[in-house]
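Given next are the chains, with one letter for each unit.
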Amino acid sequence: MRHVLTADQFTRPDLDRIMQRAAEMEIILKKGGSKMCDGKILGALFYEPSTRTRLSFETAMMRLGGNVISETDVTFSSQTKGEVIEDTIRIVGGYADIIAIRTKIKGEAKIAAHYSPVPVLNGGDGSGEHPTQSLLDLYTIVKHHRIGEEKLKVAFVGDLKYGRTVHSLAKVLHKFDGVELLFVAPEVIQMPAEYINPGDSIYHELTDEILQTVDVIYDTRMQKERFEDIEQFNQVKNAFIFTPEMVNQMKPDATLMHPLPRVNEIMQRVDDLPQARYFEQALNGVPIRMALIAEALEI
């Protein structure tokens, strides 16, 4: 595995191996880290706002004993002078041993990988994909459900058109037998056809039956920054707001996930309920990204 660019690239054996590697990295984390990446440098290029993804990539590299160089504001980069991503990547690839990149443009991570002399890890490209997020999402599900061994019902709720995390996770979950996917969103922000498989279900409202029967709900915020029509955003921005009363309808062992940041779609009073796993989910980004760094560097 040289680059991580899309969830399409992972086979089921790949996913099983990465999950096992992440579990090993979690043990390493509890012991205080390792020196397996001593002398290695991660170049973190984040041209779109990020907290969890960037910091977990940087933490992962440092917990492995490596170092980080970063660029986190496009206004301070040479792209403001007109430099193209191809040139930036060629140079940063000469400084670092591996690159994590987030861009505003769908497909730009693949362009970066084509020109990079070192492995590239896609930390989110516009409204396209977020493959490393899908792996930490899968890792969270694996910890609480016997995916692939028992039937699993997963509902995606919220902005499914622009939410890149749901695009990647849907692709990953399609690789497991016995997983039923439900896409719950208003028509204008429903899941794009390219991410829907035969057997998936489409809903426009979050019903009590869905709440009571699913094993996992993956909620995502309305991506205001990607809407071309602000009036359309205003019409759907409050389409789904998870209250304690709603979450209490879920099965006691069900899992409520969210890639964060949340705005108003999950009330803070939900945080202490047993179904709420979104903070744990975010923390799982460190062992997953430790595993991906080690895999890409063949360590």
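Computed from a predicted structure; not experimentally measured.

## Some thoughts on the environment of Lys106
- Structurally, the position occupied by Lys106 is in the loop between β3 (98–103) and α4 (108–115).
- The partly exposed category is assigned to Lys106, whose relative accessible area is 47%.
- Taking the C-alpha atoms as reference, Lys106 lies 29 Å from Leu206; in sequence the two are 100 residues apart.

## As for the sheet that holds strand β1 (residues 41–46)
- With parallel pairing, four strands are arranged side by side in an open sheet as β2-β1-β3-β4. Two strands close off the open sheet at either side, each with one partner strand: β2 (67–71) and β4 (120–125). Each strand of the sheet is rotated relative to its neighbour by a mean of 15 degrees, with strand direction disregarded.
- Taken together, the five bridges between β1 and β2 define a ladder with parallel strand orientation. Residue pairing in the sheet places Leu45 in a bridge with Glu71 of β2.
- With respect to the sheet, α4 is in contact with β3 and β4, its orientation differing from that of β4 by roughly 160 degrees.

## Some words on the packing of aromatic side chains
- Tallying each qualifying case throughout the model produces three aromatic pairs.
- Taking 5.6 Å as the distance between ring centres and 40 degrees as the angle between the ring planes, the aromatic pair formed by Phe156 and Phe183 counts as tilted. Here Phe156 is found in strand β5 (residues 152–158), whereas its partner Phe183 is found in strand β6 (residues 179–184), with 27 residues between them in sequence. The residues Phe156 and Phe183 share a single accessibility class, namely buried.
- Centroid distance Phe156 to Tyr218: 5.7 Å. Interplanar angle 45 degrees. Geometry classified as tilted. Of this pair, Phe156 sits in strand β5 while Tyr218 sits in strand β8 (residues 216–220), and the two are 62 residues apart along the sequence. Tyr218 carries the same exposure label as Phe156, and that label is buried.
- Ring pairing ties together the aromatic residues Phe156, Phe183 and Tyr218, which thus form one cluster.

## Here's the deal with the packing of helix α3 (residues 85–95) against α4
- At a closest axis distance of 8 Å, the pairing of α3 and α4 adopts a crossing angle of 50 degrees. Considering the angle they form, α3 stands oblique to α4. The two elements α3 and α4 meet at a crossing, and its hand is right-handed. Note on element contacts: α4 touches α3 through Glu108, Ile111, Ala112 and Tyr115, opposite Ile85, Glu86, Ile89 and Arg90.
- Each residue belonging to the contact of α3 with α4 can be placed in one class, and the counts come to five nonpolar, no polar and three charged.

## Considerations on the sheet that holds β5
- Strand order in the open sheet formed by five strands is β7-β6-β5-β8-β9, and the pairing between neighbours is parallel. At either margin of the open sheet sits one strand with a lone partner, and together these are β7 (201–203) and β9 (255–257). Pairs of neighbouring strands in the sheet enclose a mean axial angle of 20 degrees, with direction left out of account.
- With three bridges joining them, β8 and β9 adopt parallel strand pairing. Among the inter-strand pairings, Tyr218 is bridged to a residue of β9, identified as Met257.

## Structural notes on the pattern of salt bridges
- With the rule as written, the count across this model stands at 17 salt bridges.
- As a salt-bridge pair, Arg21 and Glu24 come within 4.0 Å of each other at their nearest N and O atoms. Residue Arg21 and its partner Glu24 are both found in helix α1 (residues 12–30); the two are separated by three residues, about one turn of the helix.
- For Glu24, a relative accessible area of 38% gives the class partly exposed.
- Across the salt bridge formed by Arg146 and Glu149, the nearest N and O atoms sit 2.8 Å from each other.
- Several salt bridges converge on common partners, so that one network encompasses Asp14, Arg17, Arg21, Glu24 and Glu295.

## Concerning α3
- Among all positions in α3, only Ile85, Thr88, Ile89, Val92 and Gly93 are buried. Viewed end-on, α3 has its buried residues packed into an arc of 125 degrees, placing them on one side of the element.
- Structurally, α3 contributes buried residues whose contacts are with β1, β3 and α4.

## Here's the deal with a nonpolar patch on the surface
- A cluster of nonpolar side chains, namely Ile69, Ile91 and Tyr95, defines an oily patch on the protein surface of about 310 Å² accessible area.
- Looking at the secondary structure, you find Ile69 in strand β2.

## Observations concerning the packing of helix α2 (residues 52–63) against helix α11 (residues 285–296)
- Close contact between α2 and α11 brings their axes to 8 Å; oriented N to C, the two are set at 60 degrees. Here α2 lies oblique to α11, going by the angle between them. Relative to α11, the crossing made by α2 is right-handed. Contact residues: Arg52, Thr53, Ser56, Phe57, Thr59, Ala60, Met61 and Arg63 in α2; Gly285, Val286, Arg289, Met290 and Ile293 in α11.
- Class assignment for the residues of the contact of α2 with α11 results in six nonpolar, four polar and three charged.

Each value, and the rule that gives it
- Residues numbered from 1 in each chain as written.
- Predicted model: local features only at pLDDT ≥ 70, side-chain atom pairs only at ≥ 80, totals over all residues.
- Heavy atoms only, no water.
- Helix = DSSP H or I, 4+ residues; strand = E, 2+ residues; numbered from the N terminus.
- Buried < 20%, exposed > 50% of the residue type's maximum accessible area, 1.4 Å probe, protein only.
- Pairing = 2+ DSSP bridges.
- Axes fitted to C-alpha atoms, helices over the stretch in contact; angles between N-to-C directions.
- Contact = heavy atoms within 4.5 Å.
- Phe/Tyr/Trp six-rings, centres within 6.5 Å; stacked < 30°, edge-to-face > 60°.
- Parallel < 35°, antiparallel > 145°, perpendicular 65-115°, else oblique.
- Left-handed = near helix turned anticlockwise from the far one by under 90°.
- Nonpolar A, V, L, I, M, F, W, Y, C, P; charged D, E, K, R; others polar.
- Salt bridge = Lys/Arg side-chain N within 4 Å of Asp/Glu carboxyl O.
- Arc of directions from axis to C-beta.
- Patch = residues over 30% accessible without salt bridge, like charges linked within 9 Å, V, L, I, M, F, W, Y side chains within 5 Å.
- Areas by Shrake-Rupley, 256 points an atom, 1.4 Å probe, with all protein chains shown as cover.

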